[in-house]
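# Remarks on the overall topology
The chain contents come next:
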Amino acid sequence: MDESWMLPQEALDFVLEHVEQESVVVEFGSGHGSEVLSEHFNLYSFEHDKAWLGVTPSTYIHAPIVENQHAAEAGEKGWYDLDVVKQHWPTDPQCVIVDGPPGFIGRTGILSILDKLRDVPMILVDDIDREAELQLLQMLSTKLDRIQTTYDVEKPREGGSNRRFATLTRRP
């Protein structure tokens with residue numbers, strides 16, 4: 001199995017170390033890392049692919065990919081259905097993990113929920129070794145006035161390229 005598309009172990013370890021146990025964590029895109037997260041947090045997983053629904057004990061929310069203004073402006077296919085995201089947004093999330101939808105669909109649509117993200121202490125953006133995700137990180141950092149910190153991942157992608165993720169945290 002190609003693990004290079006999964007949330008890296010270093011990102012999971014970072015969340016486990018920096019987010020209080022049992023607090024609310026929201027993830028966009030679920031996967032095998034969701035199992036680890038759901039053991040320690042009250043995890044809400046927004047997922048477009050029905051095959052991944054219910055894979056772990058997370059609170060799964062099926063949010064189909066639909067047209068989205070920010071995604072369209074970035075030349076992307078769409079993003080999670082905003083009505084579904086807003087209807088099921090949990091109270092007081094302490095961390096949001098941006099690891100979906102897949103890169104071939106695009107993630108820029110998350111800019112549509114800046115109002116929800118403003119109150120979240122930490123946002124983790126995976127795959128910033130890819131240009132689109134790096135640009136998204138920079139836009140989120142600017143629009144939310146956050147400090148961005150990048151991290152290298154030890155295990156490279158299939159094909160040998162280096163992986164990276166980043167966190168966005170509030171300014172002191």
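Note that this is a predicted model, so its numbers are computed, not measured. (Residues numbered from 1 in each chain as written. Predicted model: local features only at pLDDT ≥ 70, side-chain atom pairs only at ≥ 80, totals over all residues. Heavy atoms only, no water.)

Moving on: the overall build of the protein chain. Secondary structure assignment for the protein chain yields 6 helices and 9 strands. For 172 residues, the compact-globule estimate of 2.2 N^0.38 gives 16 Å, and the protein chain sits close to it at 15 Å. In terms of overall dimensions, the protein chain has a C-alpha envelope of 40 × 35 × 35 Å along the principal axes. Here the protein chain, with 172 residues, has 49% of them falling under the buried criterion. Of the roughly 8,500 Å² of accessible surface on the protein chain, a fraction of 46% belongs to carbon and sulfur atoms. Once the 15 positive and 30 negative side-chain charges of the protein chain are each reduced to a mean point, those two points are 6 Å apart. (Helix = DSSP H or I, 4+ residues; strand = E, 2+ residues; numbered from the N terminus. Rg over C-alpha atoms; globule rule 2.2 N^0.38 Å. Buried < 20%, exposed > 50% of the residue type's maximum accessible area, 1.4 Å probe, protein only. Areas by Shrake-Rupley, 256 points an atom, 1.4 Å probe, with all protein chains shown as cover. Lys, Arg positive; Asp, Glu negative; His and termini not counted. Charge placed at Lys NZ, Arg CZ, Asp CG, Glu CD.)

The subject of this paragraph is empty space enclosed by the protein. Counted under the stated rule, the structure contains 1 cavity of 30 Å³ or more. Size it by volume and the largest cavity reaches roughly 40 Å³. Every residue along the wall of the largest cavity is listed here: Glu76, Gly103, Gly106, Arg107, Thr108, Ala132, Glu133 and Leu136. For the lining of the largest cavity, the class distribution of residues is 2 nonpolar, 3 polar and 3 charged. (1 Å grid on protein atoms, 1.4 Å probe; cavity = no way out; pocket = protein on both sides within 12 Å on 5 of 7 lines; lining within 4 Å. Points joined across faces, edges and corners; volume = space filled by probe spheres on them. Nonpolar A, V, L, I, M, F, W, Y, C, P; charged D, E, K, R; others polar.)

Our focus in this paragraph is unusual backbone geometry. In this structure, the amide linkage connecting Gly100 to the following residue, Pro101, adopts the cis form with an omega of -5 degrees. One can find Pro101 in the loop between strand E6 (93-98) and helix H5 (114-117). If you check the backbone angles, Asp92 has positive phi at about 60 degrees while not being a glycine. Within the secondary structure, Asp92 sits in the loop between helix H4 (82-88) and E6. Unlike most non-glycine residues, Asp127 shows phi in positive territory, near 70 degrees. As for its position among the elements, Asp127 is in the loop between strand E7 (122-126) and helix H6 (131-144).

Attention now moves to the side chain of Arg107. Tracing the backbone through its elements, the reader meets Arg107 in the loop between E6 and H5. Polar contacts involving the side chain of Arg107 include one to the main-chain carbonyl oxygen of Asp126, which spans 3.5 Å. For Arg107, the contacting residues outside a window of four places in its chain are Glu76, Trp79, Val98, Asp99, Gly100, Pro101, Pro102, Asp126, Asp127, Arg130, Glu133 and Leu136. (Polar contact = N/O pair within 3.5 Å; in protein donor to acceptor, adjacent residues only side chain to side chain. Contact = heavy atoms within 4.5 Å.)

With that settled, consider the sheet that holds strand E9 (residues 163-170). Taking strand neighbours across the sheet as the criterion, the 7 strands line up as E3-E2-E1-E6-E7-E9-E8 in an open arrangement whose pairing is mixed. Only two strands of the sheet have a single partner each, and these edge strands are strand E3 (59-62) and strand E8 (146-153). Adjacent strand axes in the sheet meet at a mean angle of 20 degrees when their direction is disregarded. Relative to E8, H6 is tilted by about 155 degrees, and along the sheet it contacts E6, E7, E8 and E9. (Pairing = 2+ DSSP bridges. Axes fitted to C-alpha atoms, helices over the stretch in contact; angles between N-to-C directions.)

Geometrically, a pair of aromatic rings is defined through the distance of the ring centres and the angle of the planes. Applying the stated criterion across every chain yields a total of 8 aromatic pairs. Both rings, one in Phe28 and one in Trp89, keep their centres 6.3 Å apart while their planes meet at 25 degrees; by these two values the pair is stacked. A residue pair is termed long-range when its members are at least 10 positions apart, and Phe28 in strand E1 (residues 24-28) and Trp89 in the loop between H4 and E6 qualify at 61 residues. One aromatic cluster is present, formed by Phe28, Phe46, Trp79, Tyr80 and Trp89 through successive ring pairs. (Phe/Tyr/Trp six-rings, centres within 6.5 Å; stacked < 30°, edge-to-face > 60°.)

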